[in-house]
Structures are given as C-alpha cells and as structure tokens.
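Understanding the architecture of this molecule
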Amino acid sequence: MQIKFSSKPSGDALAVAVYEKASLSPSAKALEEASGGSLTRAIKASRFTGDAGQVLEIAAPADVKAARIVLFGLGSKKTANGNVYEKAVAAAAKQLLLGGTQVLSVHIDAEDGELASRAALGATMAAYRFDQYRTKLKADKKPSLTTVEIVAVDDKAAKKAWKSWESVAEGVKLARDLVMEPPNILHPEEYAKRISKLEKEGLEVEILGESQMKKLGMGSLLGVSQGSVREAQLVIMRWNGGKEGDKPLAFVGKGLTFDTGGISLKPGAGMEEMKGDMGGSAAVVGLMRALAGRKAKANVVGVVALVENMPDGNAQRPGDVVTSMSGQTIEILNTDAEGRLVLADALWYTQEKFDPAFIIDLATLTGAVLVALGHEHAAIFSNDDKLADRLYAAGKASDEGVWRLPIGPEYDRHIDSDIADMKNLGQGRNAGSIAGAVFLQRFVNGKPWVHMDIAGTAMYAGSKDPRLPAFGTGYGVRVLDRFVRDFYES
Ligand code: BES
Ligand code: MN
Ligand code: ZN
C-alpha cells in the first residue's frame, strides 16, 4: 500500500471526518451539500455519532464520483490530535482494506502537515500484512487497497512532513516483520545479515561473533547461547547525524530469536510466541532504520544481542555461575531468566565502548509485566527522573504508552546470591519485573539509563486497535523516534 498526496481526490472511495455529535468537517459538509443531505440521512439511520475511532461506510450518492464514502469519527475538535487522526484513519483504511476499494482518498481538513502525516501513518499501520509464507491466498482474500491518497489543505506541506514520518512507518514495518518471522528462518546469523542490509540507508553496521564476544569476556551472554547450535551475534548500528563529538544516544535490545527457557524449559502451550522474544531488538533496529531514513540530527548507537536459548547437552544448568564482561559473577538459578543475562554483557559493552549520553534498553523481559500492565503499557525503570519523564511524554505524544515502576536498594537486595555477586532471579514471584530491572542496573555502571520491559506491548495477538496486526506490533519504534525527535535534535 502506498501513500500519495494531492489537492483533489481521485479515489474510488472517499473518507471524510466527522466530529462528535455528528458534526460534519468541512469536507464532509461539502459532500453533504453536493448530495442533498445524504450523509446526515445515513448517520441518522446508524449508530455512528462521530466519536473518535468510529467508522461508517455508505454508498456514495449519485452525484459523487467515488463509489463509496467512509465517515471517520474524530470525537471532540479540542482533543483531535495526531494520535486521534492516526487511529481514526487507520480504522477507515482497515474498513476498506479487503473490500474491493483500490484507492482511498482521505480528506484531512486540518492545515497541519503533521496531522496529515499521522493520518497516513495510521493508514500504513492498518494496511500491514505478513503474507510471505502463504502460498495459497486467493486473489479475493488479498488486500485490494493499493493507495491511500491524502487530500490535504496544503498538500505540499503535508507531503514534506510525510518524508520524515514515512521513515517511521518503515521502521515500524521492519520491526513487525522481524517479530513475525518464524524462528527457524530468523536465527541470529540471518538476523544479523538483514541488519547489514541497512547499510544502504546510511547506517554503519558491525557484527561481533562468538569468538569476539569470548575475547571481550561476555560469559553471561555466551552462557545463554551455549545450548544452541546457532552462533550468537552482537550487532552494532551507528547513525551519526549529530554534531561531531556529541556523545551518542544508546539503545540496546534483547534479541532472543527463540526462547525455549533452556534447561528450565517453558511449558509447551504457547511456546511459539517466544519467536517474538527479540521484540526489543526489533524495536531498536526499526528505530535506527527510522532515524537514518529521516536523517535525524543526532548521534545514535543501537546495539542488539541476538541469541537463541535452547536446551541441549551443552546448555547451561541451573546452578551454574558465569562471569560477565563487567567482571561480576552471576549464579544462574533459572535458565529461563536469560534476557537479563544477555543484556548484562550488551549493556556493559555499550557503556564502556561508546560512553553514551544515556542508555535505553528494550526487552521482552518478564511475563510479570503482563500481570502488572497488560498489553497496554510498557513498564519503564530508570535511575534518571529527567529521562523517565521525557520518555513518558514521548509515550503520550506517540500513543505508545509507558508507565514507570520503582527500583531502589530495597529491591536490589532481592537479587543477592549466596555464592556469587548476584543471582538471575528475584524473591519468588514478587516484583518479578523489578528484579529484572535491578539486575540490569548493575551493568550500566551508573550511566543515565532506562529499562523498558515490553513483553506485553511487543506481542499482542488480540488487540482491538486498528493500527495493530495480530502479534508483532512493532512497539517501541514510534515512542523512541518521538523521544529522539522531541528532545535530542536541535
Ligand atoms: N522471554 C521471557 C518473558 C516473556 C514472557 C516475554 C511472556 C513475553 C511473554 C523471559 O525470558 C522469561 O522467560 N522470563 C521469566 C523470568 C523468570 C524465570 C524470572 C518469566 O517471566 O517467567
Ligand atoms: Mn526466558
Ligand atoms: Zn526471554
């Protein structure tokens, strides 16, 4: 599906906005007048009120060139911001995606280029499909919609604004594709290869294999990988769009291409979801893609640790003690708490190698975060209030919400071990997500840092949000792009 901008609609379907209490937007009003009041008639005969996210599809009246009209609700005019446009136009596009319409012309009456872009982003997100492994999809089950045409008041300004948002859309798509890929295909080496392809977008990409990681002393990461026949990869992406000498912003992602739990094997039911245990890394890769695409004015480094956690004769055991790159030793009490082990070395490496302004890590780290926040917010943990506040604001602005949970010495004690510097578990079932966070904190060497636990938000099979496909949501790309955009580019 492609996005176009124009000043006049050419589509076989038109989408026009309606505000709450069925108050028509200017372009809806124009249609209403050209068609002898047919919009109001249709609204009256329906339950559509113009509330945000509602859609009503009607056959276009005789004197309108298009065949169909979709009304999309924006709710109150006062609250109709980018998020509302994004979601509303996503709902409209989703309504027509498979129904035969080829070109949907969406009227955006606002003059703001960003609102038009957010509408386009919503349509793109709603049109997302992951069909490459279907060989028998019938023509009439494939999307019919090829183009969404944004008809904006100032279509030149809208088109210009879209240039940067299009990169965000591409970053989200990339992150989703990576999460959706089956784990036999997307193993660490294949994943690293795909990241290398981003060099053509202007990213510098470096790949470390296991022998290099061994030399660096990454015993914690390698302990997780040792049960897999696949070689772990540490991939470093750099985007240097800022001033020379400015400390980079660092993003680190957990990239378990599959997590069986290892010797502490997970139950069979639902285990296939653990192909998405690389969602943190996918968000970092998607973000780097977005930043390079829109030539962000910031120096940014993305580090992803790509590993497979398997049970095997060579797999690590509960009871093992490993030595991390930081020198700190870790007693493994559960081989399924592997994300923190992998990130421990990735975080230490990142802070030591790049001396970043801050580090944000993203990880599908704990099932416990689903208990706390469901699929609707990522949990954040931080040693820096300003960073956490900024991330919260970016979450609000991008509609990828975050909610802060506490860390501190009283929780840090939970991971003390009887025989090593720490253990990879907290105290029983309590505060499981926090135990993961305080563990990671021991590997950032006091640098400003945020941990985002995205186990709930990166994978969501049953969402009602029209922007989200079943399963891989691409969570993280939008909030982090927004975070960089709003606070670190001048
Ligand atoms: N990858 C899982 C966390 C997860 C669970 C992500 C559900 C997405 C959905 C992680 O590696 C894990 O297994 N965590 C354990 C930690 C426990 C052993 C302390 C968990 O959450 O049960
Ligand atoms: Mn696990
Ligand atoms: Zn995991």
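Attention in this report is confined to the structure presented alongside it. (Residues numbered from 1 in each chain as written. Chains lettered and ligands numbered in written order. Predicted model: local features only at pLDDT ≥ 70, side-chain atom pairs only at ≥ 80, totals over all residues. Heavy atoms only, no water.)

A word on the overall build of the protein. When you go through the protein residue by residue, the secondary structure sums to 15 helices and 20 strands. Scaling as 2.2 N^0.38, a compact globule of 490 residues should have a C-alpha radius of gyration of about 23 Å, and the protein matches this with 24 Å. In terms of overall dimensions, the protein has a C-alpha envelope of 80 × 50 × 40 Å along the principal axes. For the protein, the proportion of its 490 residues judged to be buried stands at 59%. Total accessible area on the protein is roughly 19800 Å²; 50% of this is exposed by carbon and sulfur atoms. Seen as two clouds, the 60 positive and the 61 negative side-chain charges of the protein have centres 5 Å apart. (Helix = DSSP H or I, 4+ residues; strand = E, 2+ residues; numbered from the N terminus. Rg over C-alpha atoms; globule rule 2.2 N^0.38 Å. Buried < 20%, exposed > 50% of the residue type's maximum accessible area, 1.4 Å probe, protein only. Areas by Shrake-Rupley, 256 points an atom, 1.4 Å probe, with all protein chains shown as cover. Lys, Arg positive; Asp, Glu negative; His and termini not counted. Charge placed at Lys NZ, Arg CZ, Asp CG, Glu CD.)

The first and last C-alpha atoms of helix α3 (residues 82–96) sit 21 Å apart over 15 residues, in line with the 21 Å expected at 1.5 Å per residue. With 12 of 15 residues buried, α3 lies mostly within the body of the structure. Here α3 has its buried residues at Gly82, Asn83, Val84, Tyr85, Glu86, Ala88, Val89, Ala90, Ala91, Ala92, Ala93 and Leu96. (Expected span 1.5 Å × (residues − 1).)

A complete count under the given rule lists 10 aromatic pairs for this structure. Seen from their ring centres, Phe358 and Phe483 are 5.6 Å apart, and the 75° between their planes marks the pair as edge-to-face. Taken together, the positions of Phe358 in strand β14 (residues 358–363) and Phe483 in helix α15 (residues 477–487) put the pair 125 residues apart, joining distant regions of the chain. Accessibility classification places Phe358 together with Phe483 in one group, the buried group. Among the aromatic residues, those joined into a cluster by ring pairs are Phe251, Phe358, Phe483, Phe487 and Tyr488. Over the aromatic face of Tyr128 sits the side chain of Arg176, whose NZ or CZ is 5.3 Å from the ring centroid. Here Arg485 stacks its cationic end above the ring of Trp165, 4.0 Å away from the centre of that ring. (Phe/Tyr/Trp six-rings, centres within 6.5 Å; stacked < 30°, edge-to-face > 60°. Lys NZ or Arg CZ within 6 Å of the ring centre and 35° of its normal.)

This next bit is on the site of ligand 1. What surrounds ligand 1 is a group of 18 residues, the closest being Lys266, Asp277, Asp336, Glu338 and Gly367. Note that an oxygen atom of ligand 1 is positioned 2.9 Å from one of the side-chain N or O atoms of Asp259. Within the backbone of Thr364, an N or O atom sits 3.3 Å from a nitrogen atom of ligand 1. Across the complex, the protein chains shield 79% of the 520 Å² of accessible surface that ligand 1 would expose by itself. (Near = heavy atom within 4 Å. Polar contact = N/O pair within 3.5 Å; in protein donor to acceptor, adjacent residues only side chain to side chain.)

Moving on: the coordination of the zinc ion (ligand 3). All of the protein donors around the zinc ion (ligand 3) are Lys254 (NZ), Asp259 (OD), Asp277 (OD) and Glu338 (OE); their distances to the metal are 2.0 to 2.4 Å. Of note, the zinc ion (ligand 3) draws all its donor residues from one chain, in the sequence arrangement K-x4-D-x17-D-x60-E. Separating the zinc ion (ligand 3) and the manganese ion (ligand 2) is a distance of 3.2 Å, and Asp259 donates to both of them. Taken as a pair, Asp259 in strand β10 (residues 249–259) and Glu338 in the loop between β13 (329–331) and α10 (339–354) lie far apart in primary sequence, 79 residues in all. Of the two residues examined, Asp259 and Glu338, each falls in the buried class. (Donors = N, O, S within 2.8 Å, 3.2 Å for Na, K, Ca; no water.)

Metal coordination angles have textbook ideals: 109.5 degrees for a tetrahedral set of four donors and 90 or 180 degrees for an octahedral set of six. Note on the manganese ion (ligand 2): its protein donors are Asp259 (OD), Asp336 (O), Asp336 (OD) and Glu338 (OE). The metal-donor distances range over 2.0 to 2.2 Å. Since its relative accessible area comes to 2%, Asp259 is described here as buried.

With that out of the way, let us pick up helix α9 (residues 279–293). Look at α9: 21 Å from first C-alpha to last across 15 residues, which is about the 21 Å you get at 1.5 Å a residue. Looking one or two residues beyond α9, the residue adopting positive phi is Lys295, at roughly 50°.

On to the sheet that holds strand β8 (residues 204–208), then. The strands making up a sheet associate through hydrogen bonds between their backbones, and the pairing can be parallel or antiparallel. The 8 strands lie next to each other as β8-β9-β11-β10-β14-β18-β15-β16, forming an open sheet whose pairing is mixed. The sheet terminates laterally at β8 and β16 (402–404), the two strands that pair on one side only. Averaged over neighbouring strand pairs, the angle between their axes works out to 20° when direction is ignored. Inspection of the sheet shows β14 paired to strand β18 (residues 449–453) by 5 bridges, in the parallel sense. Residue pairing across strands places Asp361 opposite His451, the latter belonging to β18. Sheet strands in contact with helix α12 (residues 385–398) are β14, β15 (378–382), β16 and β18, and its direction is about 150° off that of β16. (Pairing = 2+ DSSP bridges. Axes fitted to C-alpha atoms, helices over the stretch in contact; angles between N-to-C directions. Contact = heavy atoms within 4.5 Å.)

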